[in-house]
Amino acid sequence: EDFSLEEVLRNDGFVYWIPNYVIKSPRECKSIVINPKDLKFRVLLIHKDKEDLRGTNVLKYIEWGEEKPREFHKRPTCASRKRWWDLGKRKAGTFLWEMIHFERLKAPWNKNKVFADHNLFEILEKNRNFGLILSAQLNCTLFGIIRELWGRVNLGQGSLKTEGIDIEKFPILDPMKIPAATVKKIERVFRNFAQRNATFSVFEEIGANSPKEVSLDKVKPDRRELDEIVMGEILGLTEEEQLEVYRAVVDLVRSRLEKARSVER
C-alpha cells in the first residue's frame, strides 16, 4: 500500500525487502521533494522479541549493540522501552518541518514516505486529500513571516529554531473552506514548484537583499505563481500588500542574520 511496484519488484517478479529510508539532516533534501536516492541511512524497524529472532542476522545486530563499549540498551531512551531496539510502528509524515532554519524557506514534501530523525518534525494531515495543499502553504512566502514570528532566535550564527509546540500554534488555512477549483489549481502549481532540483535562500527566491529592492517581477516565477494563489486568490491580498509580505520576509530574515553577525564572540 505504501510503495510502488517499481520500488519492491525485481525483474524476475520477486518482491524483495523494502529499505526503510531515514532522513537525518535537512541538508540531505536538496529540493522540496525528498529523494530516497540522496539518503545515506536506513532505520531498522523490528517489533519482535529475541526468541522470535533466533538464527537471524537481526538478532546478531541487536546483540552487537549491547556489547561494550556501545551498550545502547543501557542508554536512557532505549532502556525505557520494553524492547530497547523497537521504535514502534510508525507512520511517515506527509511533509516535514525543519527544526533549525537559516535563509531558506523550505518544508520538505515527503512524497516517498521516508522516516525522519529528530532534526525534522513529521506532520500528518487529518484528511489525506489535503496533503498537497497544506504542503503548498508551508512552502509559500507568507509562511516565512509565520516562521520568523513563532520561531526562537536562540541559536548560533543567526539560526532560528522551531519546536513541536511552536508548530502546533502555526495558523493555517482550512482546506475545507477553499473552493475545489482553487484546491486543484494550487496542487497543480505546487507539483510544478516541487520539481525543482534545488532550493534557494530567501534573498535569491525573492530577488532582493533588502526591502527596498523588492519587486514582483524579481521573484522566481514558480514561487510567484504559488504565492499569487495563496496570497492573492485565497486571502485576497492586493499586489501592494503582497509586496509588503515579501519586504517583511526579507527584512525579518536579514535582521536576524545581521544581529547574529554583530554580536562579538
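From a predicted model like this one, the values you see are computed outputs, not experimental measurements. (Residues numbered from 1 in each chain as written. Predicted model: local features only at pLDDT ≥ 70, side-chain atom pairs only at ≥ 80, totals over all residues. Heavy atoms only, no water.)

The interhelical angle for the contact between helix α5 (residues 142-150) and helix α10 (residues 239-262), taken along N-to-C directions, is 35°, at an axis separation of 9 Å. Along this stretch, α5 crosses α10, giving a crossing that reads as left-handed. Contacts between α5 and α10 involve Leu142, Gly144, Ile145, Arg147 and Glu148 from the first element and Val245, Ala248, Val249, Leu252, Val253 and Arg256 from the second. Here the contact of α5 with α10 is built from residues that sort into seven nonpolar, one polar and three charged. (Axes fitted to C-alpha atoms, helices over the stretch in contact; angles between N-to-C directions. Helix = DSSP H or I, 4+ residues; strand = E, 2+ residues; numbered from the N terminus. Left-handed = near helix turned anticlockwise from the far one by under 90°. Contact = heavy atoms within 4.5 Å. Nonpolar A, V, L, I, M, F, W, Y, C, P; charged D, E, K, R; others polar.)

This brings us to the nonpolar core. Among soluble globular proteins, nonpolar side chains are generally buried collectively. By size, the foremost hydrophobic cluster in this structure holds 30 residues, and its most contacted members are Trp97, Phe190 and Leu226. Within the residue set of this core, elements represented by two or more residues are β3 (95-98), β6 (120-123), α4 (131-139), α5, α7 (180-193) and α9 (221-234). When neighbours within four sequence positions are excluded, Trp97 is seen to be in contact with Ala107, Leu120, Phe121, Ile123, Leu138, Phe143, Arg147, Thr162, Ile167 and Phe170. (Core = buried A, V, L, I, M, F, W, Y, C linked by side-chain atoms within 4.5 Å. Buried < 20%, exposed > 50% of the residue type's maximum accessible area, 1.4 Å probe, protein only.)

This next bit is on the packing of aromatic side chains. Counted under the stated rule, the structure contains eight aromatic pairs. For the pair Phe143 and Phe170, a centre-to-centre distance of 5.5 Å together with 80° between the ring planes defines the contact as edge-to-face. Of this pair, Phe143 sits in helix α5 while Phe170 is found in the loop between α6 (164-167) and α7, placing the two residues 27 residues apart along the sequence. For the pair Phe143 and Phe170, a shared accessibility class is recorded, and that class is buried. Among the aromatic side chains, those forming a connected cluster through ring pairs are Tyr61, Trp64 and Phe72. Stacked on the ring of Phe41, the Lys or Arg Lys24 has its end atom at 5.4 Å from the ring centre. Against the face of Phe200 rests Lys220, its NZ or CZ located 4.5 Å from the ring centre. (Phe/Tyr/Trp six-rings, centres within 6.5 Å; stacked < 30°, edge-to-face > 60°. Lys NZ or Arg CZ within 6 Å of the ring centre and 35° of its normal.)

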